[in-house]
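# Observations on the three-dimensional arrangement
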Amino acid sequence: MVVGASRRDFLRSVGISGGAGVLYSTMGALGLAPVPDARAEAYRPPQRSDFTLTGRTGKKVVILGAGIAGLATAYELGKAGYDCQILEAKDRPGGRNWTVRGGTTLTDLDGRTQTASFSRGQYMNAGPARLPQSHVTLEYCRELDVPLEVFTNQNANAYIHHENSPALAGRPVRWRTAKADVYGYVSELLAKATDQGALDAELTGEDKERLLAFLQNFGAIQGRADGWAYTGTDRRGYSVEPGAAFEEGTVLGPPPSMSDVIASGIGQRFSFEFGYDQAMLMFQPVGGMDAIPYALAEAIGRRKITYGAEVTAVTNLDDGAEVTWRSSSGRTRTEHADFVVAAMPPMVLARLNHNLGSDVTAALRYAAPQAVGKIGLEYRSRWWEKDEHIYGGITSTDTDLSTVWYPSYGYHGRRGTLIGYYNFGANATAYSDLLHAQRVERAISRGVRIHGEKYRSELAASFSVAWHRTPYIEAGWVGWPSQSGPEYRLLNQPAGHVYFAGDWLSHVIAWQHGAFTSARKVVTEIHERVMAA
């Protein structure tokens with residue numbers, strides 16, 4: 001009884017001094033209340049106060065590359081007073097986070113130059129273009145006051161366009177129509193199999209009835225008396241919209257045969273929506289994705305970033321590291337630092353002169369560059385909205401376009417800019433071999449098959465990017481043959497005083513989230529090393 005009374009008194013004191021939250025946590029520790037599942041500890045950036053009582057100070061860090069990983073590294077270390085200097089070969093921050101506007105110029109590795117002629121307010125996000133809700137990138141947008149708007153990743157009014165399947169070939173099908181037919185026929189088949197006893201070994205009688213009820217709802221199929229048939233409903237859409245008075249609307253129909261729907265392969269397109277990083281809602285910065293790197297650069301300080309600085313060598317030393325670089329004027333300089341963070345693409349890093357070891361070079365070359373291409377097409381009118389009622393979203397194809405993206409900004413404006421292709425691998429390589437005008441013609445010739453002649457006649461401006469032919473970047477992203485092997489493990493640890501960072505050292509490759517989390521990891525490791533010295 002005395003123990004019980006003491007415990008009550010103790011808990012009462014805790015509640016008075018710390019409030020209900022502290023009281024509940026204390027009860028959990030004492031086994032008197034359920035304890036919620038532990039969550040990963042929130043990231044804690046280095047702070048100036050970390051040095052207050054230790055006599056230590058922030059060190060000098062040279063960062064190679066002003067992509068997202070390099071910028072995030074400087075930004076987080078800078079919070080604690082580290083002296084960070086970023087060397088960037090290009091004339092802008094962001095790396096693959098690049099928004100192309102009127103006046104933007106690109107000279108590729110083949111010496112071919114383009115200058116964008118997009119009109120005011122029009123742009124294309126040549127690299128990353130969408131932000132999932134779960135990604136830490138949104139935390140930085142909040143912290144840096146980067147305004148956001150919705151990016152429409154999936155649109156029931158966009159199309160699936162297959163030319164190479166044996167059925168429905170060459171006929172664009174709305175996503176909503178394709179889903180209605182695929183879900184309807186799959187539901188019909190499963191309902192018939194269930195009702196005919198094919199699943200009796202797996203389901204109880206009650207389970208079967210519940211499943212049949214679900215399938216009727218999911219696929220909009222008929223009931224038992226009608227053989228569970230899928231005959232099409234208004235889920236497919238309308239050829240004449242319902243209206244006033246006696247206008248009931250005309251439902252699209254009848255649906256293609258089950259055989260044709262299955263043979264068309266359109267159902268294979270739906271799986272992308274279930275991808276963890278692809279699920280709606282998604283977001284984009286207002287005015288272009290490069291709002292993120294420019295906000296980071298501003299927070300870091302403009303004098304902390306040197307543009308036009310081409311790094312040629314990295315040397316690990318007993319007391320730090322040295323970086324040799326060449327300025328845009330051709331002058332060669334050497335920087336000494338306590339630490340170096342190499343936040344460049346691995347295949348570019350592999351070509352630098354360094355003393356980090358042949359195993360590091362081999363590991364950097366182990367990551368495989370991926371060919372990726374995009375083209376922006378500005379139109380004189382937003383015909384996809386006016387004529388086809390498509391507001392944002394993506395059309396998927398089985399042609400070398402791969403996908404066509406409709407803008408998620410500027411609705412009902414006078415002009416608009418599509419992504420005419422966003423392709424990968426052999427398709428991206430094939431387009432990159434062409435001159436820009438030839439890329440445009442090839443993309444337009446495919447797009448006309450989806451949208452008609454307006455896809456050609458309304459075109460006002462264009463700009464194309466082949467990331468694997470872009471200087472200092474040379475890939476849309478990289479792929480690892482294995483992320484459990486010695487190469488990946490080696491680059492996730494420092495080579496003396498040289499650290500590596502980038503989305504390519506994460507399990508979220510090709511997303512800015514991967515670059516941010518990799519930078520945070522390196523920042524934490526450097527700071528812990530400094531504090532332990």
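Structure report, in brief. Model, not experiment: these values are computed from the prediction.

Parameters and conventions
- Residues numbered from 1 in each chain as written.
- Predicted model: local features only at pLDDT ≥ 70, side-chain atom pairs only at ≥ 80, totals over all residues.
- Heavy atoms only, no water.
- Axes fitted to C-alpha atoms, helices over the stretch in contact; angles between N-to-C directions.
- Helix = DSSP H or I, 4+ residues; strand = E, 2+ residues; numbered from the N terminus.
- Parallel < 35°, antiparallel > 145°, perpendicular 65-115°, else oblique.
- Left-handed = near helix turned anticlockwise from the far one by under 90°.
- Contact = heavy atoms within 4.5 Å.
- Nonpolar A, V, L, I, M, F, W, Y, C, P; charged D, E, K, R; others polar.
- Pairing = 2+ DSSP bridges.
- Core = buried A, V, L, I, M, F, W, Y, C linked by side-chain atoms within 4.5 Å.
- Buried < 20%, exposed > 50% of the residue type's maximum accessible area, 1.4 Å probe, protein only.
- Patch = residues over 30% accessible without salt bridge, like charges linked within 9 Å, V, L, I, M, F, W, Y side chains within 5 Å.
- Areas by Shrake-Rupley, 256 points an atom, 1.4 Å probe, with all protein chains shown as cover.
- Salt bridge = Lys/Arg side-chain N within 4 Å of Asp/Glu carboxyl O.

The description of two packed helices rests on the angle between their axes and on the distance between the axes. Two numbers describe how helix α2 (residues 68-78) lies on helix α15 (residues 512-532): the axes approach to 8 Å, and their chain directions differ by 40 degrees. Taken together, α2 and α15 sit at an angle that is classed as oblique. In this structure, the crossing between α2 and α15 has a hand that is right-handed. Of the residues in α15, those touching α2 at I68, A69, A72, T73, E76 and L77 are Q512, A515, F516, A519, R520 and V523. Its residues assigned to classes, the contact of α2 with α15 comprises 8 nonpolar, 2 polar and 2 charged.

Right, let's get into the pairing of strand β17 (residues 332-337). Pairing between strand β16 (residues 320-326) and β17: 6 bridges, direction antiparallel. Along β17, the bridge assignment pairs E322 with H336.

What follows is about the packing of helix α4 (residues 175-195) against helix α5 (residues 205-219). Across the interface, α4 lies against α5 with an axial gap of 9 Å and an inter-helix angle of 160 degrees. Considering their axes alone, α4 and α5 lie roughly antiparallel with respect to each other. Relative to α5, α4 is oriented so that their crossing is left-handed. The segment α4 lies against α5, with Y183, G184, S187, L190, A191, T194 and D195 engaging K208, L211, L212, L215, F218 and G219.

A separate point is the nonpolar core. One finds Y82, I292 and L296 to be the most contacted residues of the largest nonpolar core, which totals 42 residues. Broken down by secondary-structure element, the contributors of at least two residues to this core are β1 (60-64), α2, β2 (83-88), α3 (137-143), α7 (291-300), β18 (339-342) and α15. Excluding residues within four positions of it along the chain, L296 makes contact with I68, L71, Y75, Y140, L144 and F516. One finds A178, L212, Y230 and I444 within the second-largest nonpolar core, a separate group that totals 36 residues.

Once that is clear, we can look at a nonpolar patch on the surface. A cluster of nonpolar side chains, contributed by V150, M280 and L281, occupies part of the molecular surface with about 210 Å² of accessible area. On the secondary structure map, V150 appears in strand β8 (residues 148-151).

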